[in-house]
Amino acid sequence: MGIDEKLEPILAEVLRRNPGESEFHQAVTEVLHSLGPVIAKHPEYADSALIERLCEPERQIIFRVPWQDDAGKVQIARGFRVQFNSALGPYKGGLRFHPTVNLGIIKFLGFEQTFKNALTGMPIGGGKGGSDFNPRGRSDAEVMRFCQSFMTELHRHIGEYTDVPAGDIGVGGREIGYMFGQYKRLTNRYEAGVLTGKGLAYGGSRARTEATGYGASYFVNRMLGARKQSFEGKRVVVSGSGNVALYTMEKLIQFGAKIVACSDSGGYVVDENGIDLALVKELKEVRRSRISEYAKMKGGSARHVERGSVWDVPCDVAMPSATQNELTGKDARVLIKNGIVAVGEGANMPSTPDAVRAFQEAGVLFAPGKAANAGGVATSALEMQQNASRDSWTFEQTEARLAEIMKNIHDTCARTAEEYGAPGDYVLGANIAGFIRVAEAMRSLGVI
Ligand code: NDP
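Let me begin by describing the structure that accompanies this report. Computed from a prediction, not measured in an experiment: that's the story for all the values here. (Residues numbered from 1 in each chain as written. Predicted model: local features only at pLDDT ≥ 70, side-chain atom pairs only at ≥ 80, totals over all residues. Heavy atoms only, no water.)

With respect to spatial proximity, 24 residues lie near the ligand, and among them Asp168, Thr212, Ser265, Arg290 and Asn348 are the closest. Between the ligand and the protein, one listed contact pairs an oxygen atom with a backbone N or O atom of Gly170 at 2.9 Å. At 2.8 Å, a side-chain N or O of Asn348 approaches an oxygen atom of the ligand. Against a free-state accessible area of 890 Å², the protein chains account for coverage of 81% of the ligand. (Near = heavy atom within 4 Å. Polar contact = N/O pair within 3.5 Å; in protein donor to acceptor, adjacent residues only side chain to side chain. Areas by Shrake-Rupley, 256 points an atom, 1.4 Å probe, with all protein chains shown as cover.)

Given below as structure tokens:
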């Protein structure tokens, strides 16, 4: 779809003002391309430079993170927190620790997060942060010292009513624990609602660990259901083998699917007998080792492929759950040739624009990340609710809320797409529905 003529100069200005930030450009371009129909129907949403304001983070913080490795050598990393939009509530979004992290990536994630959080219907604004620190191969003690140093600066900028970080790539329960410990020490406050993804022993929510993967599975299940299809007997490829991938596999196996492949940055494993999830969990959650070990330990039916693309493995449903731009146009064309029915993005922006176009043109059901992976942040908001009421819900209660939220997000996206003349276009539906909720709030708050 071409871009609306009112939106074209806005996009050009965003690209000009944020040079070199290619992932941020990609995210803004996709959203602005979707907004034409809504601006045509509601020109007031383009008043008062509302869209320009939406594309400019409210605050961007960059800081030095010095830390000492086990050999006593001082290392320097760079920390980021981009507080993108607080029209709907405190900034909310994860922290990513990965060597590729830079300001453009954090801005793309914060921008996406703003719309995703709006789609959940919960009172949370959008933000994102992280560091170019590489946790791979670091000891527990090194990770702890890094997290403590990171929080020593970050603590001035966050708070349960201000900004509530969580995990993302490279940040799981261990890192959140170290950061919460340091926040508590620095502030002398047991402010449980300042971080989510906490351990159950100190204010975490049941089902938060599972939430993103489970949520993506619920979303795609409903999307298939709307076409009278289900996961029963479907061959599924899930990329990654981290938090999102593991719990996507877990729920899809419950739904009757067969997971035939998963991956990490060193390659992928194929197991025609169905991936043994208990083994992948042991390798990734306990031993923190590589996916190649799977084939070595499993032998027989399993093989590890070091080069090439996990998307070469024939499947009915693809669940990209590793990182941005991991599924290219070329991959999409291979998947289409192999008869793919649906794609559900567990990761943020894993499909390139070329891939999304190819899927849509081929009539493949496509669930964009900002809708499909919103279950993680939604359950984080449920964790904040439990912290605020000093309560702790059961797993079943929490998962039931998550399932309901995912159903609502799915239905909102589907209905919005239909209302704006593009039935079945979940990208357009998600972008417009998220935008309207943020825009309504921003219009009420004056020029801020
Ligand atoms: P994890 O760190 O737990 O796992 C990431 C997985 O992806 C690992 O298997 C990792 O392999 C792989 N991976 C990461 N970078 C690359 C790369 N450049 N190339 C190939 N593989 C890569 O992260 P999460 O599971 O938490 O996050 C995965 C995605 O889901 C991200 O896009 C994140 O933004 C998104 N997301 C996460 C949410 C959450 O609640 N955690 C919520 C919503 C979205 P390796 O170990 O080899 O690096």
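Having seen it, we continue.
What follows deals with the environment of Ile405. Mapped onto the elements of the fold, Ile405 is located in helix H16 (residues 395-419). Classification of Ile405 by relative accessible area gives buried; the value is 9%. Residues Ile405 and Thr120 lie 285 residues apart in sequence; the distance between their C-alpha atoms is 6.7 Å. Once you skip the residues sitting within four places of it in the chain, Ile405 turns out to touch Thr120, Met122, Ala378 and Leu382. (Helix = DSSP H or I, 4+ residues; strand = E, 2+ residues; numbered from the N terminus. Buried < 20%, exposed > 50% of the residue type's maximum accessible area, 1.4 Å probe, protein only. Contact = heavy atoms within 4.5 Å.)

With that settled, the discussion passes to the nonpolar core. Core analysis: the largest hydrophobic core is formed by 56 residues, its most contacted members being Phe219, Phe231, Val236, Met249 and Ile409. With eight residues, helix H8 (residues 208-225) is the largest single contributor of residues to this core. There are two domains that each give this core at least three residues, and those are domain 2 (59-190) and domain 3 (210-372). Those residues within four positions of Met249 in sequence are excluded, and the remaining contacts are Val238, Ile259, Cys262, Ile275, Leu277 and Val280. Counting 40 residues, the second largest nonpolar core, distinct from the first, contains Ile39, Ile432, Ala441 and Met442. (Core = buried A, V, L, I, M, F, W, Y, C linked by side-chain atoms within 4.5 Å. Domains from an automatic or database assignment.)

Considering all chains together, one arrives at zero disulfides under this definition. Looking at the unpaired Cys262, the closest cysteine sulfur is the one in Cys315, lying at 13 Å. The exposure class assigned to Cys262 is buried, which follows from its relative accessible area of 0%. Free cysteine Cys413: the closest other cysteine sulfur is in Cys55, separated by 19 Å. (Disulfide = S-S within 2.5 Å.)

Here we take up the side chain of Ser131. Within the element layout of this structure, Ser131 appears in strand E4 (residues 126-131). In this structure Ser131 touches Ala77, Arg78, Gly79, Phe80, Arg96, Phe97, His98, Val101, Phe146 and Phe150, once residues within four positions along its chain are discounted.

With that out of the way, let us pick up the sheet that holds strand E12 (residues 365-367). As summarised here, the arrangement of the seven strands in space is E9-E8-E7-E6-E10-E11-E12, forming an open sheet in which the pairing is mixed. On the outer flanks of this sheet lie strand E9 (302-305) and E12, each paired with one strand and no other. Across the sheet, the axes of successive neighbouring strands diverge by a mean angle of 15°, strand direction being ignored. Alignment of strand E8 (residues 267-271) against E9, held across four bridges, turns out to be antiparallel. Within E9, the residue paired with Val270 across the bridge is Arg303. (Pairing = 2+ DSSP bridges. Axes fitted to C-alpha atoms, helices over the stretch in contact; angles between N-to-C directions.)

All right, on to the sheet that holds E4 then. An order of E1-E2-E4-E3-E5 is seen for the five strands of this open sheet, with the pairing classed as mixed. Sheet topology places strand E1 (59-68) and strand E5 (163-166) at the edges, where each strand pairs with a single neighbour. Across the sheet, the axes of successive neighbouring strands diverge by a mean angle of 20°, strand direction being ignored. Across six bridges, strand E2 (residues 74-85) lies against E4 in antiparallel orientation.

In this section: the packing of aromatic side chains. Enumeration over the complete set of coordinates arrives at 20 aromatic pairs. Geometrically, the ring pair formed by Tyr45 and Phe435 is edge-to-face, given 5.7 Å between the ring centres and 90° between the ring planes. In this pair, Tyr45 is assigned in the loop between helix H3 (36-41) and helix H4 (50-54) and Phe435 in helix H17 (residues 426-444), connecting sequence segments 390 residues apart. Comparing Tyr45 with Phe435, the two get one shared label, buried. Here Phe180 and Tyr190 contribute two aromatic rings whose centre-to-centre distance is 5.3 Å and whose plane-to-plane angle is 70°, an arrangement assigned as edge-to-face. Of the two residues, Phe180 sits in helix H7 (residues 173-187) while Tyr190 sits in the loop between H7 and H8, which places them ten residues apart along the sequence. (Phe/Tyr/Trp six-rings, centres within 6.5 Å; stacked < 30°, edge-to-face > 60°.)

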